[in-house]
Amino acid sequence: MNTAVSPPLVKAWGLLTMSVLTRTLREGLVLRALIWPALIIALTLLISATFVAGLYASKSAAVPEVALAEVLVAKGLDARVYADPEAAFVSGEVDRAAFEDAEGWVLLARFDGAYTTIMESELRARLGAAWRPMIIPRAGRNAALGPTTRLLVGLLAVLFVLYGVVFGAGGLSRDLQDGSLDAERALPLPSWVHAAARLSAAGVALSVAFAASVGLIHTILGVNAPFAWCVVGGLSGLGGAAMGLGLMARAGRAESLSGPLSRGLVAVTGLMALGYSAPTIGRQLPVASVGALVRGDLPGVGAALTTLLLCALAAWMFDRSAR
């Protein structure tokens, strides 16, 4: 395999990459596969957030005194004076009610939340209680969501890694079947350039789509180490594409797409499981770094190096298949 790299060769590599990428993105199924996962997740999160916000944003309250109502209104509640606050609460007219009975003040609320806490605080202040709840504004993102968002983005990364295997194996199978690869091989170029162009196209498509997905989720929920996720997702998608391309090149026209594809999917699944079970090792390996990052271990330099080695191996297998 001739590995000499010159400016004309780099230009040819870039043009072939654009050609493969354009052909890939012209397929509606591929474009929808890259876009829809993030949109579905974002839409689900927005609907859930809207529902929860609507549930907890109710400000209605019934109180028996004008003075108390004025204090609560100043705190942001929609407090109104009722002759019988308890009856207004039971009928569903309001979501909170405060009234005094023989044993003292009673606070009724349909659910917890900031406004219920404010109302309780004001009632305790009126009674001169030794303590009362205070609402402390949260600074920045909620750290408790860290494991949840890691798992959510991790599942999305798994999907994109599987896409990578399909891109690598399926793209090469398509080009073998429709004659595109035979036409490209007529060009005076080393055979590894054709493999590199396909891996570059898959890497660009998967990296851009995954980074956009992470950015969308980060805007809604907040993602710990979003840049690290973008790096891991891009490298892992490229690693998956290299596996798919190498296995399909090894099989050639003698085997259908299903064989190399199934072997590639099994391999990336095993690597991700390794990264999750042994994150110290997985953070240095291609694809396995997804599982490691779900556990909270940032990727190491080895992840990039081993991904490049995997791509080189795929290009070598592609070159051998051309002989």
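As the structure is a prediction and not an experimental result, all values here were calculated from the model. Per chain, the residues get numbers from 1 upward, laid out in the order the sequence is written. Local features in this predicted model are restricted to residues whose pLDDT is 70 or higher, and side-chain atom pairs enter the listing and the counts only when it is 80 or higher, whereas totals over whole chains, interfaces and linings include all residues. Neither water nor hydrogens contribute to the side-chain values; these are computed over all heavy atoms in the structure.

1. Looking at the environment of E86
Strands are runs of DSSP state E lasting at least 2 residues, helices are runs of H or I lasting at least 4, and numbering of each runs from the N terminus. With respect to the helices, strands and loops of the structure, E86 is situated in helix 4 (residues 85-90). In this structure, the C-alpha to C-alpha distance between E86 and R96, residues ten residues apart in sequence, is 8.9 Å. When sequence neighbours within four positions are dropped, the list of residues in contact with E86 reads F99 and L108. The contact criterion used is simple: two residues touch if any of their non-hydrogen atoms lie within 4.5 Å.

2. Quick notes on the domain arrangement of the protein chain
Parsing the protein chain into structural domains produces domain 1 (7-40 + 145-322) and domain 2 (59-110). By convention here, the domain bounds are inherited from an automatic or database domain assignment. Here the C-alpha centroids of domain 1 and domain 2 sit 59 Å apart.

3. Regarding the packing of helix 8 (residues 191-220) against helix 13 (residues 301-321)
What counts as an axis is a line fitted to C-alpha atoms, over the stretch in contact for a helix, and the angles between N-to-C directions run from 0 to 180 degrees. Interaxial distance between helix 8 and helix 13 falls to 8 Å at its minimum, and their mutual angle equals 135°. It follows from the interaxial angle that helix 8 and helix 13 lie oblique. Where helix 8 crosses over helix 13, the handedness of that crossing is right-handed. Here S191, W192, H194, A195 and L199 of helix 8 come into contact with helix 13, specifically with C311, A314, A315, F318 and D319. Orientation categories follow fixed angle ranges, with anything under 35 degrees roughly parallel, anything over 145 roughly antiparallel, 65 to 115 roughly perpendicular, and all other angles oblique. Each crossing gets its hand from how the near helix is turned against the far one by less than a right angle, where anticlockwise is left-handed and clockwise is right-handed.

4. As for the pattern of salt bridges
Salt bridges, as used here, are contacts in which a Lys or Arg side-chain nitrogen is within 4 Å of a carboxyl oxygen on Asp or Glu. Tallied over the entire structure, the rule returns eleven salt bridges. Counted as one network, the salt bridges with shared partners bring together R23, E27, R174, D175, E184 and R198.

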